Amino acid sequence: MSSQTQVRRTTAPQIAARKGGEPIVSLTSYHAHTAAIVDKYADFILVGDSLGMVMHGMDSTVGVPLDLMIMHGKAVVRGTKQALIVVDMPFGTYEESPSVAFRNAARIMKDTGCGAVKLEGGARMAETIRFLADRGIPVMAHVGLTPQSVNTMGGFKVQGRDEAAWQVHIDDARAVAEAGAFAVVVEGVVEDLADRITEAVEIPTIGIGASARCDGQILVLEDMLGLNPWTPKFVKVYGQLGPMIEDSVKRYAQDVKDRAFPTEDEVYR
Ligand code: KIV
């Protein structure tokens, strides 16, 4: 008889049950190797469509294709054992109708093996969230600053600076929670609004640029590792990977020029 203990993956209902409890830890990851490291510490990993900007040099997430999300989603699922894997639904794959959203969400789940999908939008997406959740697809919602709407928002702007606009965001969060989302990302909102949203809903709020007044936090991994040349102001940077990679590449280039490699004797000894 085997004495191996199988590690079970965190599920969407387990994340939902963490409302008001121990803070939920999350990061994005797009690759098997980084995901394997993040997996040891994160409750869920988001394969975010930010990969279009971070990895593929796009100006926004609007152009990210579904197939790209699926390819990166597969890599992250392969590299991990325990975190819940959430894959972003890219722009244009869910807004048209609940049935289009279901078809694409089901494809993401079947092809990648992930445990949930995320989509952007509040009250306007409630019907779709209910449709998916009722049919076996756990949905994480995303309110506040929603990057896929960059063209209608006129830029990536902090939301709720004007208190008069708070109610819309609170209503958005309530609508997605009532529709059956198991958690909601709250992006780019002022601290007091984050607090009000967290109080208003019975599902965990996951903040990004939304202060500590949420039930959990998410950051883009490359931002917190110091890999991107530019980092949003709200990000606490924990590493200096960009300069480290540059220094390593510089030393490698010098070694090539100096022919400073192990000799055949050293390699095959
Ligand atoms: O795409 C992404 O990485 C995200 C996070 C910023 C929450 O949606």
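Our structure is the block above this text.
None of the values given here were measured: they were computed from a predicted structure.

**Structural notes on the packing of helix α6 (residues 126-134) against helix α8 (residues 166-179)**
Working step 1: Put simply, α6 and α8 touch, their axes get as near as 8 Å, and they point 20° apart. Between α6 and α8, the angle is such that the two are roughly parallel. In this structure, α6 crosses over α8, and the sense of that crossing is right-handed. Residues Ala-126, Ile-129, Arg-130 and Ala-133 of α6 lie in contact with α8, whose contacting residues are Ala-175, Val-176, Glu-178 and Ala-179.
Working step 2: For the contact of α6 with α8, the residue count by class is six nonpolar, no polar and two charged.

**Some thoughts on the pairing of strand β5 (residues 139-144)**
Two faces, one strand: in a regular strand the side chains alternate between the faces of the sheet.
Working step 1: Burial runs high along β5: six of the six residues are buried.
Working step 2: Judged by which residues are buried, β5 turns out to be covered on both faces: Val-139, Ala-141 and Val-143 on one side and Met-140, His-142 and Gly-144 on the other are all buried.
Working step 3: Two strands pair when backbone bridges link them, and strand β4 (residues 116-118) and β5 are joined in this way by two bridges, in the parallel orientation. Bridge pairing links Val-117 to Val-139 in β5.
Working step 4: Following the backbone out of β4, through α6 and into the adjacent parallel β5, one traces a crossover that is right-handed.
Working step 5: In the sheet, β5 pairs with strand β6 (residues 183-187) via five bridges, with the strands oriented parallel. Of the residues in β6, the one forming a bridge with Val-143 is Val-186.

**Describing the side chain of Asn-228**
Working step 1: Structurally, the position occupied by Asn-228 is in the loop between α10 (221-224) and α11 (241-258).
Working step 2: A polar contact is formed between the side chain of Asn-228 and the side chain of Asp-223, at a distance of 2.7 Å.
Working step 3: Contact partners of Asn-228, with chain neighbours within four places excluded, come to Val-54, Glu-222 and Asp-223.

**Looking at the environment of Val-76**
Working step 1: Within the secondary structure, Val-76 is located in helix α4 (residues 66-79).
Working step 2: Take Val-76: its relative accessible area is 0%, and that puts it in the buried class.
Working step 3: The spacing of Val-76 and Asp-134 is 58 residues in sequence and 26 Å in space, taken between C-alpha atoms.
Working step 4: Each residue touching Val-76, except ones within four places of it in the same chain, is listed here: Ser-29, Tyr-30, His-31, Ala-35, Ile-45, Val-47 and Ile-85.

**Side note on the site of the ligand**
Working step 1: Surrounding the ligand, one finds Thr-28, Leu-46, Gly-48, Asp-49, Ser-50, Asp-88, Lys-118, His-142, Val-185, Glu-187 and Ile-208.
Working step 2: Within the side chain of Asp-49, a nitrogen or oxygen atom sits 3.0 Å from an oxygen atom of the ligand.
Working step 3: The separation between an oxygen atom of the ligand and a polar side-chain atom of Asp-88 is 3.1 Å.

**A word on helix α9 (residues 191-200)**
Working step 1: Residues of α9 that are buried: Leu-193, Ala-194, Ile-197 and Thr-198. Seen end-on, α9 carries its buried residues on one side only, within an arc spanning 135°.
Working step 2: Where α9 is buried, its residues meet α8, β6 and β7 (205-208).

**Some words on unusual backbone geometry**
Apart from glycine, the bulk of residues carry a negative phi angle, and the bulk of peptide bonds sit in the trans form.
Working step 1: Here Ser-211, not a glycine, exhibits a phi torsion of approximately 70°, which is positive.
Working step 2: Along the polypeptide, Ser-211 turns up in the loop between β7 and β8 (216-219).
Working step 3: Its identity is not glycine, yet Arg-259 carries a phi of approximately 55°, on the positive side.
Working step 4: As for its position among the elements, Arg-259 is in the loop between α11 and α12 (264-268).
Working step 5: When its relative accessible area of 75% is taken as the criterion, Arg-259 is described as exposed.

**Quick look at the sheet that holds β4**
Working step 1: Strand order in the closed barrel made by the eight strands is β1-β2-β3-β4-β5-β6-β7-β8, with parallel pairing throughout. Each neighbouring strand pair of the sheet contributes to a mean axis angle of 25°, computed without reference to strand direction.
Working step 2: With respect to the sheet, helix α5 (residues 98-112) is in contact with β3 (84-88) and β4, its orientation differing from that of β4 by roughly 135°.

**Notes on the packing of aromatic side chains**
Working step 1: For the structure on display, the rule yields two aromatic pairs.
Working step 2: Ring geometry for Phe-102 against Phe-131: centres 6.5 Å apart, planes inclined by 75°, an arrangement best described as edge-to-face. Highlighted residues: Phe-102 in helix α5 and Phe-131 in helix α6, separated in sequence by 29 residues.
Working step 3: The partly exposed category is assigned to Phe-131, whose relative accessible area is 25%.
Working step 4: The residue whose ring lies beneath Arg-135 is Phe-131, and the NZ or CZ to ring-centre distance is 3.6 Å.

Cut-off values and rules
- Residues numbered from 1 in each chain as written.
- Predicted model: local features only at pLDDT ≥ 70, side-chain atom pairs only at ≥ 80, totals over all residues.
- Heavy atoms only, no water.
- Axes fitted to C-alpha atoms, helices over the stretch in contact; angles between N-to-C directions.
- Helix = DSSP H or I, 4+ residues; strand = E, 2+ residues; numbered from the N terminus.
- Parallel < 35°, antiparallel > 145°, perpendicular 65-115°, else oblique.
- Left-handed = near helix turned anticlockwise from the far one by under 90°.
- Contact = heavy atoms within 4.5 Å.
- Nonpolar A, V, L, I, M, F, W, Y, C, P; charged D, E, K, R; others polar.
- Buried < 20%, exposed > 50% of the residue type's maximum accessible area, 1.4 Å probe, protein only.
- Pairing = 2+ DSSP bridges.
- Right-handed = clockwise from strand over helix to strand, strands pointing away.
- Polar contact = N/O pair within 3.5 Å; in protein donor to acceptor, adjacent residues only side chain to side chain.
- Near = heavy atom within 4 Å.
- Arc of directions from axis to C-beta.
- Phe/Tyr/Trp six-rings, centres within 6.5 Å; stacked < 30°, edge-to-face > 60°.
- Lys NZ or Arg CZ within 6 Å of the ring centre and 35° of its normal.

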